[in-house]
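# Architecture at a glance
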There are 2 protein chains.
Amino acid sequence: MPEEQDHGRRTAAQGSRIDTYIDRYAARAAGMVASEIRALFAVASRPEVVSLAGGMPYVTALPLDAVGELVADLVARRGTVALQYGSAQGDPHLREQICDFMRLEGIDAAPDDVVVTVGSQQALDLITRIFIDPGDVVLAEGPSYVGALGTFAAYQASVVHVDMDDEGLIPEVLAETIASLDRAGRRIKFLYTVPTFQNPAGVTLSAARRHQVLEICRRAGVLVVEDNPYGLLGFDGEPMRALRADDPEGVVYLGSFSKTLAPGFRVGWALAPHAVRDKLVLALESAVLSHSSFTQLAVGQYLATQPWREQIKAFRELYRERRDTLLGALEALMPPGCSWTRPAGGFFVWLTLPEGLDSKAMLPRAVAERVAFVPGTGFYADAAGVRNMRLSYCYPEPERIREGVRRLAGVVQQDLLLRDTFGTGSVRAHGGVDTPGPDVT
Amino acid sequence: MPEEQDHGRRTAAQGSRIDTYIDRYAARAAGMVASEIRALFAVASRPEVVSLAGGMPYVTALPLDAVGELVADLVARRGTVALQYGSAQGDPHLREQICDFMRLEGIDAAPDDVVVTVGSQQALDLITRIFIDPGDVVLAEGPSYVGALGTFAAYQASVVHVDMDDEGLIPEVLAETIASLDRAGRRIKFLYTVPTFQNPAGVTLSAARRHQVLEICRRAGVLVVEDNPYGLLGFDGEPMRALRADDPEGVVYLGSFSKTLAPGFRVGWALAPHAVRDKLVLALESAVLSHSSFTQLAVGQYLATQPWREQIKAFRELYRERRDTLLGALEALMPPGCSWTRPAGGFFVWLTLPEGLDSKAMLPRAVAERVAFVPGTGFYADAAGVRNMRLSYCYPEPERIREGVRRLAGVVQQDLLLRDTFGTGSVRAHGGVDTPGPDVT
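Keep in mind the model is a prediction, meaning the values are calculated, not measured.

Let us now look at the nonpolar core. Counting 274 residues, the largest nonpolar core has Tyr192 of chain A together with Tyr192 of chain B as the members making the most contacts within it. The residues contacting Tyr192 of chain A, other than those within four sequence positions of it, are Leu124, Val138, Leu139, Ala140, Glu141, Ser144, Tyr145, Ala148, Phe152, Val225 and Asp227 of chain A. Grouped together as the second largest cluster of nonpolar side chains are 19 residues, Val137, Val213, Cys217 and Val224 of chain B included.

Okay, structure coming up:
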């Protein structure tokens, strides 16, 4: 039949019908399945759709002229270094700058304990790679960052969620969960937490609880993996003190320039106890040989020559206005029975729908009404999150946020009407893990 | 005792003495041990040492002015795209350009089957990730690329080497090896091969044998992973036809701009059968979310605006001169009993020492004499390669290459004298896998 098609296309089409390698993949590949909602997000990226789904920072606010000049200058002055292979651990000068950067959150660290990674996502991948055997337990907030859940699944970890409230992880629940897993003979490898302006819940672990969480983990011998991409994007007062600041040997800290500068460079890092850092460097080397010298030096040059503190302040003000807009619109427009979190920083609001509604079933209707969000189920490794959705305010302009909420409120209203008329079956969906892709994490 | 040290340093020092996480790593981390020769390579990077160890391309030959201009122009025109997250599969336009690039080696492919990776090293990592369960067999040339062996070890693959001669992999040995593994009930997942200007042996699989190797693997149901970073850097005539050109469904092709442009961007790719490509994209997403938009667009801009074919030609001429210099110096200076390969392209010569000598034991003495190489044992997963070394001619200027060989010949001469006086025990070392780090792969 496909005689007239060109060769490459014919091959591709054949391949998509029959996977001749199906019985040869590794066991870990079984979990690598594209989400059913992925196609919807392709539609959601059309300009007429207001996307409250994406976690993309508003890079339009960056001083593009200055960035253009500094990369040109970098090639002129240090081109043969920027274009060459670098060390697996990362550029030494950038690692010093990263230590200065972390000092804003109370962290006192040596550049030698920092590993520069391809976004903090790679740090997460490498930490999982060196610690997780199939079946090992990772503790994570419920809900948790979708990209982390994808990585844990790729290494066949067993994720056990720990409940949060408005002050973040609940220490008593954490202690009980650890005790019950210990009794069951399970191997807990680490607690994965986004303590500040959490993705997706938008809540922050309170200062008092930080000490409790560290103490519980220390006593139980559980490593803490602190993922902190949003820590400097708080809307009030000074940055929170990082967990790592109070426990250098018990915490691996993951940082990123994706939200404070730009994700397009893919520069993140891990700060780890020395022996763990050794393993991370070797793991990084086998994964990518070394990170891009070019983007590392570009970030270093940006930090050295640009007013980056003022830029972060500008980002904070921009995101605060959008957070206020989203919260105001939700307050004004959402039907009774909906509730949501009130983030003090970061990018996300976590919304809970009235009893009987299902955010994933709602998504196609919402996209048809030109508004998108991420259904809550994607943020859990189990079946939870059906009534939840993540709304992000980082990327759309304020008037678009308001319009998006107006459309969303209409869809929720319709679903409530359906529910009240035909029962909950009419608004429910079922399905597995939803990994929506990099632009909406 | 260390009261007066600063906090970060004290932590680092403590950590280096006792690894409190030692009993908590994953089984796969057991293989992640730094090579004993790593420290030597740190010394070898001093300017007074002639390094015939490094596989670093000579980026000084690039038109830095033009590269500086194009990255500045990229930020000015497409800054908000270059600085933002991209898709996990990679920039669509770059994937088209990659298809044009591969056409030079007879490959007819669709951009949809290409995944852009963080160097081809990441492609290798992801392929291993989706195919290898612990204990699965990977077939590889003996010797094979050290970075690949590190990746295979990280996924607990069992590497079985297949002998080469001056025409590359020996088809009969390949067929026998597969048959014997089949009889033993072992699961062979793929053949990993660098068919053109092989790293480290410098040999090239002949055209006649390419068909035989493909046919043997097709009949045995063994996937071929063709790693081809040096294919366009041949010194005579037209580029070889890639294995992938003749078997789109049986070959995963790995390519890279590290040697034809610059490694500092870390832009490589995999071209894979469609179903495998799907898995690669999901694996990449869980590993790094997405590649750097900035470096992908920079490479795309370079290919679109610069005379890259002429640049590759300039690289070819530069490396040919250095190859000639190295071969001439070896011919003139090495003691009788040494033999070596004569590469028709790429970066490397593989040298075999006389009976009874040991290249790894020789390395400290060589570095003391201000010349460095990579001992042969690093390129085997088993104990082979004791009498071999890899000499690379890509980075040092010709007169430095000549001086390096003069120094090396002196060290070999000394070792021969020792051997003849005190026996082989005096010049032998023992030890495991040697992974020398990213700058010498």
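There's more to say after this.
Moving on, we get to helix α10 (residues 293–305) of chain B. Residue and element names in this part refer to chain B. End to end, α10 covers 18 Å across 13 residues, agreeing with the expected 18 Å (1.5 Å per residue, within 8%). Taking burial as the measure, the 13 residues of α10 include 11 buried ones, the bulk of the element. Ser293, Phe294, Thr295, Gln296, Leu297, Ala298, Val299, Gly300, Gln301, Tyr302 and Leu303 are the residues of α10 that are buried. Its side-chain oxygen at 3.3 Å from the backbone nitrogen of Phe294, Ser292 defines the N-terminal cap of α10.

Here we take up unusual backbone geometry. Residue and element names in this part refer to chain A. Geometrically, the link from Gly142 to Pro143 is a cis peptide bond, its omega value of 0° lying close to zero. Mapping Pro143 onto the fold places it in the loop between β3 (137–142) and α6 (146–154). With a phi angle near 60°, Gln156 is a residue other than glycine that sits in the positive phi range. The exposure class assigned to Gln156 is partly exposed, which follows from its relative accessible area of 29%.

Moving on, we come to the interface of chain B and chain A. Taken residue by residue, the interface counts 98 residues in chain B and 97 residues in chain A. Counting each side, the surface lost to burial between chain B and chain A is near 8300 Å², with a carbon and sulfur contribution of 61%. The interface formed by chain B and chain A contains 2 salt bridges. Across the pair Arg129 of chain B and Asp125 of chain A runs a salt bridge whose closest N-O atoms are separated by 3.0 Å. Residue assignment for the side of chain B that touches chain A shows that the elements contributing at least two residues are α1 (7–17), α3 (64–82), α5 (119–131), α6 (146–154), α9 (274–288) and α10 of chain B. The greatest single-element share of the side of chain B that touches chain A, amounting to 10 residues, is contributed by α9 of chain B. Here the side of chain B that touches chain A is composed, by residue class, of 47 nonpolar, 32 polar and 19 charged.

What follows concerns the relation of the copies chain B and chain A. With an RMSD of 0.0 Å, chain B superimposes on chain A once it is rotated by 180° and translated 0.0 Å along the axis. Put plainly, the chains are arranged around a two-fold axis. Among all C-alpha atoms of chain B, that of Ala72 of chain B lies closest to the rotation axis, at 2.7 Å. A share of 99% of interface residues in chain B that are also interface residues in chain A marks the association as one of identical surfaces.

All names here are of chain A. Strand β14 (residues 388–392) sits mainly inside the fold: 5 of its 5 residues count as buried. The two faces of β14 match: Asn388, Arg390 and Ser392 on one face and Met389 and Leu391 on the other face are all buried. Strand direction decides the pairing type here: strand β11 (residues 348–352) and β14, joined by 5 bridges, are antiparallel. Looking at β14, one finds that Val349 is bridged to Leu391. Relative to β14, strand β13 (residues 374–375) is paired through 2 bridges, and the arrangement is antiparallel. Bridged to Val374 within β14 is Arg390.

As a further point, take the pattern of salt bridges. Residue and element names in this part refer to chain B. For the coordinates displayed, the defined rule picks out 45 salt bridges over all chains. The partner of Arg322 in a salt bridge is Glu397, with the nearest N and O atoms 3.9 Å apart. Separated by 75 residues along the polypeptide, Arg322 in helix α11 (residues 308–333) and Glu397 in the loop between β14 (388–392) and α13 (398–422) bring together distant segments of the chain. As a salt-bridge pair, Glu331 and Arg342 come within 3.4 Å of each other at their nearest N and O atoms. You can see Glu331 sitting in helix α11 and its partner Arg342 sitting in the loop between β10 (339–340) and β11 (348–352), a full 11 residues away along the chain. You can call Glu331 exposed: its relative accessible area is 53%.

So, on to the packing of helix α7 (residues 171–183) of chain A against helix α8 (residues 207–220) of chain A. Residue and element names in this part refer to chain A. Contact pair α7 / α8: the axes reach a minimum separation of 10 Å and the direction vectors enclose 10°. Judged by the inter-axis angle, α7 sits roughly parallel to α8. Within the contact between the two elements, α7 uses Pro171, Glu172, Leu174, Ala175 and Ile178 and α8 uses Arg209, Gln212, Val213, Ile216, Cys217 and Ala220. Residues that form the contact of α7 with α8 fall into these classes: 8 nonpolar, 1 polar and 2 charged.

Let us look at the UniProt feature "domain: Aminotransferase class I/classII large" (unreviewed entry) in chain A. Per the UniProt record, the feature "domain: Aminotransferase class I/classII large" (unreviewed entry) sits at residues 63–408 of chain A. Within the segment residues 63–408 of chain A, helix and strand shares are 45% and 17% respectively, and the terminal C-alpha atoms sit 33 Å apart.

Taken as a whole, this structure holds 37 aromatic pairs over all chains when the rule is applied. Between Tyr230 of chain A and Phe348 of chain A, the ring centres sit 5.8 Å apart and the planes meet at 90°, which makes this aromatic pair edge-to-face. On the criterion of sequence distance, the pair formed by Tyr230 of chain A in the loop between β7 (223–227) and β8 (251–256) and Phe348 of chain A in strand β11 is long-range, its members being 118 residues apart. The burial state of Tyr230 of chain A is the same as that of Phe348 of chain A; both residues are buried. Each ring, one from Phe235 of chain B and one from Tyr393 of chain B, has its centre 6.5 Å from the other, and the planes form 55°; the classification is tilted. Of the two residues, Phe235 of chain B is situated in the loop between β7 (223–227) and β8 (251–256) and Tyr393 of chain B in the loop between β14 and α13; the sequence distance between them amounts to 158 residues. Judged by relative accessible area, which is 5%, Phe235 of chain B ranks as buried. Judged by relative accessible area, which is 0%, Tyr393 of chain B ranks as buried. Through a chain of ring-to-ring contacts, three or more aromatic side chains come together here, namely Tyr230, Phe315, Tyr319, Phe347 and Phe348 of chain A. The residue whose ring lies beneath Lys279 of chain B is Tyr25 of chain A, and the NZ or CZ to ring-centre distance is 5.1 Å.

Moving on to the packing of α5 of chain B against α9 of chain B. Residues and elements named next belong to chain B. As a packed pair, α5 and α9 sit with axes 9 Å apart at the nearest point and diverge in direction by 110°. If you check the angle between α5 and α9, you find them roughly perpendicular. Across from Gln122, Leu126, Ile127, Arg129, Ile130 and Phe131 in α5, the residues of α9 making contact are Val276, Lys279, Leu280, Ala283, Leu284, Ser286, Ala287 and Val288. Per-class residue counts for the contact of α5 with α9 are 10 nonpolar, 2 polar and 2 charged.

The rules we used
- Residues numbered from 1 in each chain as written.
- Chains lettered and ligands numbered in written order.
- Predicted model: local features only at pLDDT ≥ 70, side-chain atom pairs only at ≥ 80, totals over all residues.
- Heavy atoms only, no water.
- Core = buried A, V, L, I, M, F, W, Y, C linked by side-chain atoms within 4.5 Å.
- Buried < 20%, exposed > 50% of the residue type's maximum accessible area, 1.4 Å probe, protein only.
- Contact = heavy atoms within 4.5 Å.
- Helix = DSSP H or I, 4+ residues; strand = E, 2+ residues; numbered from the N terminus.
- Expected span 1.5 Å × (residues − 1).
- Polar contact = N/O pair within 3.5 Å; in protein donor to acceptor, adjacent residues only side chain to side chain.
- Buried area = accessible area lost by both parts, 1.4 Å probe.
- Salt bridge = Lys/Arg side-chain N within 4 Å of Asp/Glu carboxyl O.
- Nonpolar A, V, L, I, M, F, W, Y, C, P; charged D, E, K, R; others polar.
- Least-squares fit on C-alpha atoms with pLDDT ≥ 70 in both.
- Pairing = 2+ DSSP bridges.
- Axes fitted to C-alpha atoms, helices over the stretch in contact; angles between N-to-C directions.
- Parallel < 35°, antiparallel > 145°, perpendicular 65-115°, else oblique.
- UniProt positions renumbered as here; feature names shortened; annotations may be inferred.
- Phe/Tyr/Trp six-rings, centres within 6.5 Å; stacked < 30°, edge-to-face > 60°.
- Lys NZ or Arg CZ within 6 Å of the ring centre and 35° of its normal.

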